[in-house]
Amino acid sequence: MPSPVRPGLAVTSALTIPRAELTERFSRASGPGGQGVNTTDSRVELSWDVGRSAVLSDTQRERVTGRLAERLVDGVLTVVASENREQRRNRDAAAKRLVALVADALAPPPRTRRPTRATRGSQERRLTAKKQRSTTKQLRSSKPRRED
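Residues numbered from 1 in each chain as written. Predicted model: local features only at pLDDT ≥ 70, side-chain atom pairs only at ≥ 80, totals over all residues. Heavy atoms only, no water.

Enquirer: Could you give an account of the overall build of the protein chain, naming the residues involved and the relevant values?
Expert: Within the protein chain, the regular secondary structure consists of three helices and six strands. Helices and strands appear in the protein chain in the N-to-C order β-β-β-β-α-β-β-α-α. Taking all 148 residues of the protein chain together, the buried fraction comes to 25%. (Helix = DSSP H or I, 4+ residues; strand = E, 2+ residues; numbered from the N terminus. Buried < 20%, exposed > 50% of the residue type's maximum accessible area, 1.4 Å probe, protein only.)

Enquirer: Got a sec to walk through the sheet that holds strand 4 (residues 43-49)? Specific residues and values, please.
Expert: With antiparallel pairing, the four strands of this open sheet are ordered in space as 3-4-6-5. A strand with exactly one partner marks an edge of an open sheet, and here the two such strands are strand 3 (22-27) and strand 5 (72-73). Note that strand 3 and strand 4 share six bridges and pair antiparallel. Paired with Ser27 across the bridge in strand 4 is Arg43. Relative to the sheet, helix 2 (residues 87-106) contacts strand 3, strand 4 and strand 6 (76-81), its axis offset from that of strand 6 by approximately 140°. (Pairing = 2+ DSSP bridges. Contact = heavy atoms within 4.5 Å. Axes fitted to C-alpha atoms, helices over the stretch in contact; angles between N-to-C directions.)

Enquirer: Please set out the nonpolar core residue by residue, giving values where relevant.
Expert: Residues Leu9, Ile17, Trp48, Leu77, Leu98 and Val102 are the most contacted members of the largest nonpolar core, which totals 25 residues. Counting only elements with at least two residues in this core, the list comes to strand 4, strand 6 and helix 2. It is helix 2 that provides the largest number of residues to this core, a total of nine residues. In this structure Leu77 touches Leu46, Ser47, Trp48, Val50, Leu68, Arg71, Leu72, Leu98, Leu101 and Val102, once residues within four positions along its chain are discounted. (Core = buried A, V, L, I, M, F, W, Y, C linked by side-chain atoms within 4.5 Å.)

Enquirer: Just give me the short version of the confidence of the model for the protein chain, but keep the residues and values in it.
Expert: Predicted confidence across the protein chain gives a mean pLDDT of 86, with 86% of residues reaching 70 or more. Ranking the elements of the protein chain by mean pLDDT puts strand 1 (residues 9-10) last with 88 and helix 3 (residues 120-140) first with 95. (pLDDT = per-residue confidence, 0-100.)

Enquirer: Explain the environment of Gln60 residue by residue, including any values.
Expert: When you line up the elements, Gln60 lands in helix 1 (residues 58-67). Since its relative accessible area comes to 27%, Gln60 is described here as partly exposed. Measuring from C-alpha to C-alpha, the distance between Gln60 and Leu106 comes to 6.4 Å, with 46 residues separating the pair along the chain. In this view, Gln60 contacts Val55 and Leu106; residues no more than four positions away in its chain are not counted.

Now the structure itself:
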């Protein structure tokens, strides 16, 4: 995950979260692990203080806090990983999740949809297809229908 040139988590080509701004906590995880699950701290909590981060511009900070508001606690984003038996693999999984969350939050908003109307030709084709289908079903009925 960390590159040799820039230590930290590379979110985009222009944004890298330095390792100094990340906080890791380890605890015992539930789940698989046999006897070792009771003795090893393989669960990882990776936290990043978005509000105090030096690498974010004001626009980026507003975008991240707005889009991840329900996940932030006092401006701190926390990601948990405990699905693997090894602490190292859980650290990598937590780092990938944090990068994905921040990258999604920083993505520009999608373009607004311009409403469009169906063309006259498509409307006519739809109505003629409905009429043909109706005629086909009427011909299948046991009683012949009277046409006016």
